[in-house]
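# Fold and contact review
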Amino acid sequence: SRLAMSSLARTWQMLLKGLAEVRSAPSAAQAAEMVLVRIAYTADLPSPAEAIAVLDKATPAVAAPTAAAPTPPASPGTIGNPATVGRCCCRRPRGLFRFERDGG
C-alpha cells in the first residue's frame, strides 16, 4: 500500500518536533520513546481534512445567533477596568524595575 503525502508530512513534522524534545529532555531515551508512541497513535487517526469532512457531514447547520449575550461589567481591580490600567495587583512600590525609573 502507498502512503499519502499528508501522512508522510505529518509524521515528518512530528519527528522534527520530537528531535527538539529529545535534545532538550533530561532523559533522551524516554523522550524518544514518547515520540514513537505519539507517531504510532496518530497512524490510526484520520487526516485533518478527513476529520473536517466527517464533522461537516455529521453536524447540522446551526443558525446564527440573533443577539450576543451581554457581558458583565468589570469589577474594580480587574484587568478590564480603565481605572486600574498600568497598576499591578501585587501592590509593590513603584520604581523597582528599570523601565519604571527611566520612564519607558
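Residues numbered from 1 in each chain as written. Predicted model: local features only at pLDDT ≥ 70, side-chain atom pairs only at ≥ 80, totals over all residues. Heavy atoms only, no water.

## Concerning the overall build of the chain
When helices and strands are counted, the chain shows four helices and zero strands. N-terminal to C-terminal, the α/β element order of the chain is α-α-α-α. The buried share among the 104 residues of the chain stands at 10%. For the chain, the proportion of contacts with a sequence separation of at least 24, taken over those separated by at least 6, is 37%. On the chain, roughly 9,300 Å² of surface is accessible, and the fraction owed to carbon and sulfur atoms is 65%. (Helix = DSSP H or I, 4+ residues; strand = E, 2+ residues; numbered from the N terminus. Buried < 20%, exposed > 50% of the residue type's maximum accessible area, 1.4 Å probe, protein only. Contact = heavy atoms within 4.5 Å. Areas by Shrake-Rupley, 256 points an atom, 1.4 Å probe, with all protein chains shown as cover.)

## A few points about the side chain of Thr42
Within the secondary structure, Thr42 sits in helix H2 (residues 28–42). A polar atom in the side chain of Thr42 sits 3.1 Å from the backbone oxygen of Ile39. In contact with Thr42, not counting residues within four places along its chain, are Arg10 and Met14. (Polar contact = N/O pair within 3.5 Å; in protein donor to acceptor, adjacent residues only side chain to side chain.)

## Description of the confidence of the model for the chain
Looking at the chain as a whole, the pLDDT averages 75, with 57% of positions reaching at least 70. The secondary-structure element of the chain with the lowest mean pLDDT is helix H4 (residues 98–102), recorded at 48, while H2 shows the highest, at 94. Predicted confidence for residues 100–104 stays below pLDDT 50, and this span has five contacts to residues more than four positions away or in other chains. (pLDDT = per-residue confidence, 0-100.)

## A few points about the side chain of Ser47
Locating Ser47 in the fold gives a position in the loop between H2 and helix H3 (48–58). On the basis of relative accessible area, Ser47 is assigned to the buried category, the value being 14%. When residues no more than four places from it in sequence are discounted, the contact partners of Ser47 are Ser6 and Arg10.

## Re the environment of Ser6
Assignment of secondary structure puts Ser6 in helix H1 (residues 5–24). Separated by 41 residues in the primary sequence, Ser6 and Ser47 place their C-alpha atoms 7.3 Å from one another.

## Side note on the pattern of salt bridges
A side chain with one charge can pair with a side chain of the opposite charge if their charged atoms come near. If you walk through the whole model with that rule in mind, you get one salt bridge. A salt bridge links Glu21 to Arg38; its shortest N-O distance comes to 2.9 Å. You can see Glu21 sitting in helix H1 and its partner Arg38 sitting in helix H2, a full 17 residues away along the chain. (Salt bridge = Lys/Arg side-chain N within 4 Å of Asp/Glu carboxyl O.)

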